[in-house]
Amino acid sequence: MKKTILSGLAILSLAWSSSLFAQSESAVPFLLISPGARAAGMGEAFVSIADDATATYWNPAGLAFQTQRQISLMHSNWLPQLASDLFYDYATFVHPMEGLGTAGLAVTYLNLGEQTITGEDSPDPLGTFSSYEFAIAGSFGANVTDNSAVGITLKYIRSNLADVGAGAEQGDGRANAFAFDLGYMHKNLLVNRLSFGVNLTNMGPKVTYIDAAQADPLPTNLRLGFSYGLVEQEFNQLRIAVEFDKILVKKNDDGTSDSWYKALFTAWTDDGLSGEFERMIYNVGMEYWYNNLIALRTGYHYDEIGKVKYLTFAAGIKYS
């Protein structure tokens, strides 16, 4: 008997993931899941700060200003309302190299749970398989001047949605991909305590599961933001941050998509200037430290197209 997968798996994994990012036009959208409790508490306005180990995700240029080894670990039950076996893990380690810059290594893993194989004409289960996606990334950041830095991240991506094909398909739900990020950060830009950061992520060839004609683009994303230290006192520090995010993926009327380097420009031409601003995601955040010991954070995430709008609140403690 010919066996098929309930092949909505690949579509479903993109759909529910992408709904959080206002896009369903790319493969491996798990690359857009934002790690780090601190950044989350600030409404994900972190590209111009990126001063901890999660800079490997937010902006590799931020690594250049770090002078201590750090490790960051994160585990989250992912969309538990859908299934109990979905989870997201992120681990990163950074290591400064005197006179050169700072290197980082990060691993991202998204477990999509156990899936069921059924027959073409019957819902009766014939077997099961596990679905997951992961990325391994190496980052490096170095100073250009005392106040500015550049960074780069190289990624290997593995998508294992299904190990068998559906129907007459020649391939299956497994794919490998490579991508890179470029980041820039400038501190004390124009005025004291004003920082600027930009990070262009997930640039690389399309992801092919079945054949090249059906390849999907990576979720190339632009993050650009500013942060400013409103208060810099011995016992009180207060910083605000704003950030703008835009997915740079261009789907054409015939179902094809532009290559990543072309989409850097054509993704701005879909809906006119006002429409493109509406498709952006806006993040605002604030962080207060008392005595470099206790932190309070808040933020706001605004995504009009994806209908995702929420406030964030967080607290932290630092002990040494």
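These numbers were taken from a predicted model, which means no experiment stands behind them.

Participant: Residue-level account of the pairing of strand β11 (residues 281–290), with values.
Facilitator: Here β11 shows a buried face lined by I281, N283, G285, E287 and W289 and an unburied face lined by Y282, V284, M286, Y288 and Y290. The pairing of strand β10 (residues 236–247) with β11 spans 10 bridges and is antiparallel. The partner of E243 across the bridge, within β11, is N283. Examined bridge by bridge, β11 and strand β12 (residues 294–303) share 10 bridges and lie antiparallel to one another. Across the sheet, M286 pairs through a bridge with T298, a residue of β12. Linking β11 back to β12 in an antiparallel pair, the connection comprises three residues, with N291 at a positive phi of about 60°.

Participant: Run through the packing of aromatic side chains, naming residues and quoting values.
Facilitator: Counted by the stated rule, this structure contains 15 aromatic pairs. Residues Y184 and F196 carry aromatic rings whose centres are separated by 6.4 Å and whose planes lie at 55° to one another, so their mutual orientation is tilted. Pair noted here: Y184 is in strand β7 (residues 173–186) and F196 is in strand β8 (residues 194–203), with a separation of 12 residues, a long-range link. Overall, Y184 belongs to the partly exposed group, its relative accessible area being 27%. Linked through ring pairs, F87, Y109, Y132, F134, Y156 and F178 together constitute an aromatic cluster.

Participant: Can you explain the nonpolar core? Please cite residues and give values.
Facilitator: Counting residues in each nonpolar core, the largest one holds 39 residues, and the members touching the most others are V28, F30, I157 and V207. Listed by contribution, the elements that provide at least two residues to this core are α3 (55–58), β3 (87–97), β4 (101–119), β6 (148–162) and β7. Here the element with the most residues in this core is β7; it accounts for four residues. Among all residues touching F30, those that are not within four sequence positions of it are T108, L110, E133, F134, A135 and I157. Counting six residues, the second largest nonpolar core, distinct from the first, contains L200, L222, L248 and A267.

Participant: Would you mind going over the side chain of R158 in detail, with residue names and values included?
Facilitator: Mapped onto the elements of the fold, R158 is located in strand β6. You can call R158 buried: its relative accessible area is 18%. A polar atom in the side chain of R158 sits 3.1 Å from the side chain of N176. In contact with R158, other than residues within four places in its own chain, are Y132, E133, F134, R174, A175 and N176.

Participant: Give a detailed account of the pattern of salt bridges, specifying residues and quantitative values.
Facilitator: In total, this model carries 13 salt bridges according to the counting rule given. Put simply, R38 and E287 hold a salt bridge, and the shortest N to O gap is 2.8 Å. Of the two residues, R38 is situated in helix α2 (residues 37–41) and E287 in strand β11; the sequence distance between them amounts to 249 residues. Each member of the pair, R38 together with E287, is buried. Salt-bridge contacts for E287 lead to R239; the nearest nitrogen and oxygen are separated by 3.9 Å.

Participant: Lay out unusual backbone geometry in plain terms, naming residues and giving numbers.
Facilitator: Phi angles above zero are rare outside glycine, and N188 is one such case at about 50°. Residue placement: N188 occurs in the loop between β7 and β8. Of the residues examined, N188 reaches a relative accessible area of 33% and is grouped as partly exposed. Of note, the phi angle at N202 is positive, near 60°, even though the residue is not glycine. Looking at the secondary structure, you find N202 in strand β8.

About the thresholds
Residues numbered from 1 in each chain as written. Predicted model: local features only at pLDDT ≥ 70, side-chain atom pairs only at ≥ 80, totals over all residues. Heavy atoms only, no water. Buried < 20%, exposed > 50% of the residue type's maximum accessible area, 1.4 Å probe, protein only. Helix = DSSP H or I, 4+ residues; strand = E, 2+ residues; numbered from the N terminus. Pairing = 2+ DSSP bridges. Phe/Tyr/Trp six-rings, centres within 6.5 Å; stacked < 30°, edge-to-face > 60°. Core = buried A, V, L, I, M, F, W, Y, C linked by side-chain atoms within 4.5 Å. Contact = heavy atoms within 4.5 Å. Polar contact = N/O pair within 3.5 Å; in protein donor to acceptor, adjacent residues only side chain to side chain. Salt bridge = Lys/Arg side-chain N within 4 Å of Asp/Glu carboxyl O.

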